[in-house]
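Architecture and fold: a report
If you want the building blocks of each chain, they are given just below.
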Amino acid sequence: MTTLAIDIGGTKLAAAQVGDNLQIVSRRELPTPASHTPQALAGALKSLIQPLLPGAVRIAVASTGIIHQGVLTAINPANLGGLAAFPLVETLSALSGLPCVALNDAQAAALAEFHALRVPVQEMVFITVSTGVGGGLVSGGKLLIGPGGLAGHIGHTQADPHGPRCGCGRIGCVEAIASGRGIAAAASGNLQGLDCKTIFSRAAWGDSQACELVAHSARTLAALIADVKALTDCECAVVGGSVGLAEGYLAQVRGFLAEQPAAFQTPLRAAHYRHDAGLLGAALWAQGVTR
Ligand SMILES: [Zn+2]
């Protein structure tokens, strides 16, 4: 029973046939259309999935943005900006003739990471720190989606009321400060205009401003994790994403979290999956599997 899983991100679209034991049989990628129009996205999805349709019995989509009743809305206009209300499930059902489910990509990744935990827990938070900051919550062993699809969007909780405006419209979100984009935007002087990856290499060489930018991100993330612990009593926090998994980053988050009172600390784990958590989590969701 092959699931055709699709991951819609701000820069690339991925699709794969996923078997019942979560094995990826074949995988394809295309760049996300730059125009971000509904027509361009529908066209790209069509050419992405067509070679993978034979043998598939269902479609499972993980997508950036808020997914509510199968409709995609971009929370941050910088990601998929033109897609105010893209009928994701309807479009893919029509293209394939197969049943289709869709959920947010970080929610899907949270489910995949929950499934991959070696020690089973009931309460878990997943946070991905890359260009943005995404999240997903598992409570009572179940992924939280929420009636409107917003559950777990913890990157848009407020870290600093005097902080920069976030792409979502709020002020001082964790995403606006801790994400790769936030780190790059805060750079000044000799680091101004550099991307986050370069700032991380400068930090590795000992540049003091770069070290402080990375530390500020890690400190902000640790405070978020303490807040989530207070909210959910999570038994662990799983951290992923290109920033989250960058060398030395998780150790810094762990150090800042250790400065919090003991009640607000929780074990931190590096994400098990680097690239396919969205695809696999969507497949798990479609299969109705949690653990
Ligand atoms: Zn925000």
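Refer to the structure presented above.
Quick summary incoming for the structure in this document. (Residues numbered from 1 in each chain as written. Predicted model: local features only at pLDDT ≥ 70, side-chain atom pairs only at ≥ 80, totals over all residues. Heavy atoms only, no water.)

Looking at helix H8 (residues 249-258), one finds that the buried residues are Tyr249, Leu250, Val253, Phe256 and Leu257. Buried residues in H8, looked at end-on, bunch into an arc of 120°, giving them a common side. Turned more than 90 degrees away from the buried face of H8 sit Ala251 and Ala258, all of them exposed. Where the residues of H8 are buried, they touch strand S8 (124-129), helix H4 (174-178), helix H6 (196-204), helix H7 (208-232), strand S11 (236-240) and strand S12 (268-270). (Buried < 20%, exposed > 50% of the residue type's maximum accessible area, 1.4 Å probe, protein only. Helix = DSSP H or I, 4+ residues; strand = E, 2+ residues; numbered from the N terminus. Arc of directions from axis to C-beta. Contact = heavy atoms within 4.5 Å.)

Attention shifts here to the coordination of the zinc ion. Between any two of four tetrahedral donors, the ideal angle at the metal is 109.5 degrees; between two of six octahedral donors, it is 90 or 180 degrees. At the metal site, the zinc ion is ligated by His156 (ND1), Cys166 (SG), Cys168 (SG) and Cys173 (SG), and these contacts range over 2.0 to 2.4 Å. Here the zinc ion is ringed by four donor atoms whose angles at the metal span 104 to 123°, and the overall shape comes out tetrahedral. Read from N- to C-terminus, the donor residues coordinating the zinc ion fall into the pattern H-x9-C-x1-C-x4-C. We classify Cys166 as buried; its relative accessible area is 5%. (Donors = N, O, S within 2.8 Å, 3.2 Å for Na, K, Ca; no water. Tetrahedral: all angles 85-135°; square planar, octahedral: opposite > 155°, others 65-115°.)

Of all the seven residues making up strand S9 (residues 133-139), six are buried; the element is thus mostly covered by neighbouring parts of the structure. Strand direction decides the pairing type here: S8 and S9, joined by six bridges, are antiparallel. The residue of S9 that forms the bridge with Phe126 is Gly136. Between S8 and S9, which pair antiparallel one after the other, the connecting turn spans three residues. By the bridge criterion, two bridges tie S9 to strand S10 (residues 142-143) in an arrangement that is antiparallel. Bridge pairing in S10 places Val138 opposite Leu143. A loop of two residues connects S9 with S10, the two strands running antiparallel in sequence, and Gly140 in this loop sits at a positive phi of about 60°. (Pairing = 2+ DSSP bridges.)

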